[in-house]
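# Survey of secondary and tertiary structure
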Amino acid sequence: MKQSDSSGLRVSGLCYRVEGRTLLDSVELSVSPGESVAVTGPSGSGKSTLLMCILGLIKPQAGTITAGGREITGLKSAQLAQVRRATLGMVFQFGELLPELSPVENVALPVLLDGGRHQDAYRRAEELLDELGVPAGSTPTGMLSGGERQRTAVARALITEPDVLLADEPTGALDPDAKEGVARLLFTTARDRGCALLLVTHDLTVASRADRRHELQGGILAEAGAV
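These numbers were taken from a predicted model, which means no experiment stands behind them.

A word on the packing of helix 3 (residues 103-113) against helix 5 (residues 146-158). Viewed as axis vectors pointing N to C, helix 3 and helix 5 meet at an angle of 25°, and their least axial separation amounts to 7 Å. By the criterion of interaxial angle, the relationship of helix 3 to helix 5 is roughly parallel. The chirality of how helix 3 crosses helix 5 is right-handed. Contacts from Pro103, Asn106, Val107 and Pro110 in helix 3 reach Thr152, Ala155 and Arg156 in helix 5. For the contact of helix 3 with helix 5, the per-class residue count stands at 4 nonpolar, 2 polar and 1 charged.

Written out as structure tokens, the structure reads:
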């Protein structure tokens, strides 16, 4: 398990408006290492936009984002890419894997693209896949089950040992059994590895597993049940 003294994820005063709509209105959010937070809300409310701002793929009009002790808002593209690779892991709804590659090749790819040694990357990828219950053989990832593909996506997000793990509707395309397995995996992995997990989902049964749940509506992010 990665031992981290990072501050996890901190979002402060985040504002994003587009085409006259306010999707994020002075959003405040903190997720500590090992803690999980789920964000729910109607379709189009800005849940995915929040994740894209944290990844640096969308530039907010105001506010700051700090991940793993590094402020990432305002960084130039090369610096942002470096911090993103070192600090953030992302799990997408449909995995965003390369279907023609094997699971181990998909998982090792982030390390290889960052200049890591081939042998080390593949060894670590095999360890992660074994830990997460995915066959690491030569079968193309596109031929795996939905649950296996999503567990492969989780392994790929974890191989760089990120301080912050982001997940965008990670169970939305899965059948009930696979959904249960992937949800359990995400929350236990974040806790055991000391990652700050921020997950957005429409599924309240998945969101209920988180340590805290927030709801995003009308640009306002508020903790569910808070007075």
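It is worth spelling out the sheet that holds strand 4 (residues 62-67) at this point. Spatially, 4 strands are ordered 2-1-4-5 in an open sheet, and the strand pairing comes out antiparallel. Strand pairing shows two members of the sheet lacking a second neighbour, strand 2 (21-31) and strand 5 (70-71), which therefore form its edges. Direction of pairing for strand 4 relative to strand 5: antiparallel, over a ladder of 2 bridges. Opposite Thr66, over in strand 5, you have Glu71 as the bridge partner.

Take the packing of helix 3 against helix 4 (residues 118-131) next. Axis separation between helix 3 and helix 4 bottoms out at 8 Å; the angle between their running directions is 130°. Classified by the angle between their axes, helix 3 and helix 4 sit oblique to one another. Between helix 3 and helix 4 the crossing geometry is right-handed. Across the interface between the two elements, Pro103, Val104, Glu105, Val107, Ala108, Val111 and Leu112 of helix 3 pack against His118, Ala121, Tyr122, Ala125, Glu126, Leu128 and Leu129 of helix 4. Its residues assigned to classes, the contact of helix 3 with helix 4 shows 11 nonpolar, 1 polar and 2 charged.

Before going further, it helps to examine the layout of surface pockets. Reported here for the largest pocket is a volume of approximately 560 Å³. Together, 21 residues line the largest pocket, and Arg84, Arg85, Leu88, Met90 and Pro110 are the ones closest to its centre. Of all the secondary-structure elements, those providing two or more residues to the lining of the largest pocket are helix 2 (77-87), strand 6 (88-91), helix 3 and helix 5. Counting residues per element, the lining of the largest pocket draws most heavily on helix 3, which supplies 5 residues. Partitioning the lining of the largest pocket into residue classes produces 13 nonpolar, 3 polar and 5 charged. Its boundaries defined by the atoms lining it, the second largest pocket holds a volume of some 230 Å³. Taken together, 14 residues line the second largest pocket, and the ones lying closest to its centre are Lys59, Pro60, Ile72, Thr73 and Gly74. With 3 residues, the single largest contributor to the lining of the second largest pocket is strand 4. In terms of residue class, the lining of the second largest pocket is made up of 8 nonpolar, 5 polar and 1 charged.

Cut-offs applied
- Residues numbered from 1 in each chain as written.
- Predicted model: local features only at pLDDT ≥ 70, side-chain atom pairs only at ≥ 80, totals over all residues.
- Heavy atoms only, no water.
- Axes fitted to C-alpha atoms, helices over the stretch in contact; angles between N-to-C directions.
- Helix = DSSP H or I, 4+ residues; strand = E, 2+ residues; numbered from the N terminus.
- Parallel < 35°, antiparallel > 145°, perpendicular 65-115°, else oblique.
- Left-handed = near helix turned anticlockwise from the far one by under 90°.
- Contact = heavy atoms within 4.5 Å.
- Nonpolar A, V, L, I, M, F, W, Y, C, P; charged D, E, K, R; others polar.
- Pairing = 2+ DSSP bridges.
- 1 Å grid on protein atoms, 1.4 Å probe; cavity = no way out; pocket = protein on both sides within 12 Å on 5 of 7 lines; lining within 4 Å.
- Points joined across faces, edges and corners; volume = space filled by probe spheres on them.

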